[in-house]
Amino acid sequence: MTNPAEILALPKPAWARDDVAMLYDMATRFLSEEIAPRYEEFEKAETFDRESWTKAGGAGLLCASMPEEYGGSGGTFAHESAIIEAISHVGVDGFGIGLHNSIVAPYILHYGSEEQKKKWLPKMATGELIGAIAMTEPGAGSDLQGVKTSAKRDGNQYSINGSKTFITNGQLANLIIVVTKTDPSKGAKGTSLIVVETDEVEGFERGRNLDKIGLKSNDTSELFFNDVRVPTSNLLGHEEGQGFVQLMQQLPQERLQIGTTAIAAVERALALTIDYVKERKAFGKAILDFQNTQFKLAELKTEATIGRVFYNNCVERHIDGGLDPVTASMAKYWLTDLQGKVMDECLQLFGGYGYMNEYPIARMFRDARVQRIYGGTNEIMKLLIARSL
Ligand SMILES: Cc1cc2nc3c(=O)[nH]c(=O)nc-3n(C[C@H](O)[C@H](O)[C@H](O)COP(=O)(O)OP(=O)(O)OC[C@H]3O[C@@H](n4cnc5c(N)ncnc54)[C@H](O)[C@@H]3O)c2cc1C
């Protein structure tokens, strides 16, 4: 197969060179050798296994951007981008490393006490702890202020009650950042993030592994908290009520990271499709020889190039000092819309084979759909962008 990383023939930006490029190559090798051969099995089981996580930890793919003193590799978001791109380029998108590395771990790094960082991050770097973040509830998705899960202080413990849904890594995770209300009367200002180590508590239950249309191998679950007791020292931040601000500060990276998956999937789809239309024949010539195919692929390659240049610029800005929330929303919405369009148009060029699960483009088409929904729907992204007008 043509190398997806080279399909756009763009020069590598400075942030993607040297050790980041080496990490990308290493991750691609690891994922191709260790994960891809078992991916079908994980898709059928609708979950990965813990062994894959600990192997990924051993290979240096977990907590790449966490400081070395906490067991990480001391990298930046560029390193996380390299790993996420490798996951999509190899086609093992259900491996929930991106969320663990660049969403869950940063909350602990940025808001955790020294003790919390030393306790949790090294185990997240080995895969002993698998991370999840539980914001969404049956009655609160886009409108996170409606979260009902409560955390009541009782001496030196919190008692957590409530339920969450659609939680990525929900079946495997044993370190979950739970969005709670410590003071329901204060709305957003009464929101706090509390860490639950599920191996250590009673009253925690996982619901069904949810039956999704795509990203099958990524376990996604309901979670139930029934008087789950955790020490008050599991609160993230110095005081209660900081949760909403913490979420707002971290969401740009979560959104950019969804954009990483999107642009890398676009590159893989183009590589697969260009290879296919050169081989497949109809009416005595290759599908690529039809002008329609050429024009379609010319358009998609152009849009992919625009997307990649924008994405690269976003990463550069993010590493330089943090991407602003409006641009991060633009990246999430535009790149995932592009992903949806490219998967659809590429699948069409495969004809009936594109609709068959044995062809990767079929799975990529299904996997792409959720990208416009999670991490804040694309409609919510437009609301955030519109506020800047
Ligand atoms: C596979 C998967 C994995 C997920 N992983 C996680 C996870 O790990 N952790 C987590 O906490 N959550 C997770 N989610 C939840 C996800 O973030 C929510 O589904 C998403 O935020 C939308 O919330 P909702 O489903 O309640 O939809 P709703 O909020 O009910 O929205 C329904 C529709 O209304 C639109 N809408 C809502 N408000 C407005 C508005 N003001 N203006 C215009 N349109 C609006 C939305 O855009 C959408 O089209 C995941 C979801 C999925 C499907």
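Remember, it's a predicted structure, so these values are computed and weren't measured experimentally.

Engineer: In this structure, what is going on with the UniProt feature "domain: Acyl-CoA dehydrogenase/oxidase N-terminal" (unreviewed entry) in the protein chain? I would like to understand it.
Structural biologist: The UniProt record marks residues 19-128 with the feature "domain: Acyl-CoA dehydrogenase/oxidase N-terminal" (unreviewed entry), using the residue numbering of this structure. Between the C-alpha atoms that bound residues 19-128 the distance is 26 Å, and the span itself is 68% helix and 0% strand.

Engineer: How should the pairing of strand β7 (residues 220-231) be read in this particular structure?
Structural biologist: Where strand β3 (residues 157-168) lies against β7, nine bridges are found, and the strand directions are antiparallel. Among the inter-strand pairings, S159 is bridged to a residue of β7, identified as R229. Across four bridges, the pairing between strand β6 (residues 204-209) and β7 is antiparallel. Across the sheet, F204 pairs through a bridge with F225, a residue of β7.

Engineer: It is not clear to me how the packing of helix α9 (residues 325-349) against helix α10 (residues 360-369) should be interpreted in this structure. Could you clarify?
Structural biologist: What describes two packed helices is the angle between their axes and the distance between those same axes. Relative orientation of the contacting elements α9 and α10 amounts to 155°, with a least axis distance of 9 Å. With respect to α10, the axis of α9 lies roughly antiparallel. You can see that α9 and α10 cross each other, and the crossing is left-handed. Side by side, α9 and α10 meet where Q339, M343, D344, C346 and L347 of the first sit next to I361, A362, M364, F365 and A368 of the second. For the contact of α9 with α10, the per-class residue count stands at eight nonpolar, one polar and one charged.

Engineer: What's the story with the domain arrangement of the protein chain in this structure? I'm lost.
Structural biologist: For an interface, size is often stated in terms of accessible area lost upon the parts coming together. Here the protein chain is partitioned into domain 1 (4-129), domain 2 (132-240) and domain 3 (244-387). The gap between the C-alpha centroids of domain 1 and domain 2 is 24 Å. If you look at the interface, domain 1 gives 25 residues, while domain 2 gives 24 residues. Carbon and sulfur atoms supply 58% of the area that domain 1 and domain 2 bury against each other, a total of about 2,100 Å² over both sides. Area buried by domain 1 at its contact with domain 2 is led by E46, Y107 and W120, which between them contribute 28% of it.

Engineer: What should I look at first to understand the side chain of T327 in this one?
Structural biologist: Along the chain, the position of T327 falls in helix α9. Looking at T327, the relative accessible area reads 8%, which means it is buried. When residues no more than four places from it in sequence are discounted, the contact partners of T327 are F310, C314 and R317.

Engineer: What am I meant to see in the environment of T260 here?
Structural biologist: Examined against the element boundaries, T260 turns out to sit in helix α7 (residues 243-279). The exposure class of T260 is buried, given its relative accessible area of 0%. Once the C-alpha coordinates of T260 and G243 are considered, the two residues, 17 residues apart in sequence, prove to be 26 Å apart. Beyond its immediate stretch of four places on either side in the chain, T260 contacts F77, S81, I84, E85 and Y311.

Engineer: Can you walk me through the nonpolar core in this structure?
Structural biologist: For soluble globular proteins, the rule of thumb is that nonpolar side chains tend to be buried together. By size, the foremost hydrophobic cluster in this structure holds 39 residues, and its most contacted members are L31 and I97. For this core, the secondary-structure elements that each account for two or more residues are α1 (19-35), α2 (39-45), α3 (50-58), α4 (77-90), α7, α8 (291-321) and α9. When residues of this core are assigned to domains, at least three fall in each of domain 1 (4-129) and domain 3 (244-387). In this structure I97 touches W53, A56, L61, L62, I83 and I87, once residues within four positions along its chain are discounted. Counting 31 residues, the second-largest nonpolar core is a separate cluster that includes A125, A188, V195 and L251.

Quick notes on the rules
- Residues numbered from 1 in each chain as written.
- Predicted model: local features only at pLDDT ≥ 70, side-chain atom pairs only at ≥ 80, totals over all residues.
- Heavy atoms only, no water.
- UniProt positions renumbered as here; feature names shortened; annotations may be inferred.
- Helix = DSSP H or I, 4+ residues; strand = E, 2+ residues; numbered from the N terminus.
- Pairing = 2+ DSSP bridges.
- Axes fitted to C-alpha atoms, helices over the stretch in contact; angles between N-to-C directions.
- Parallel < 35°, antiparallel > 145°, perpendicular 65-115°, else oblique.
- Left-handed = near helix turned anticlockwise from the far one by under 90°.
- Contact = heavy atoms within 4.5 Å.
- Nonpolar A, V, L, I, M, F, W, Y, C, P; charged D, E, K, R; others polar.
- Domains from an automatic or database assignment.
- Buried area = accessible area lost by both parts, 1.4 Å probe.
- Buried < 20%, exposed > 50% of the residue type's maximum accessible area, 1.4 Å probe, protein only.
- Core = buried A, V, L, I, M, F, W, Y, C linked by side-chain atoms within 4.5 Å.

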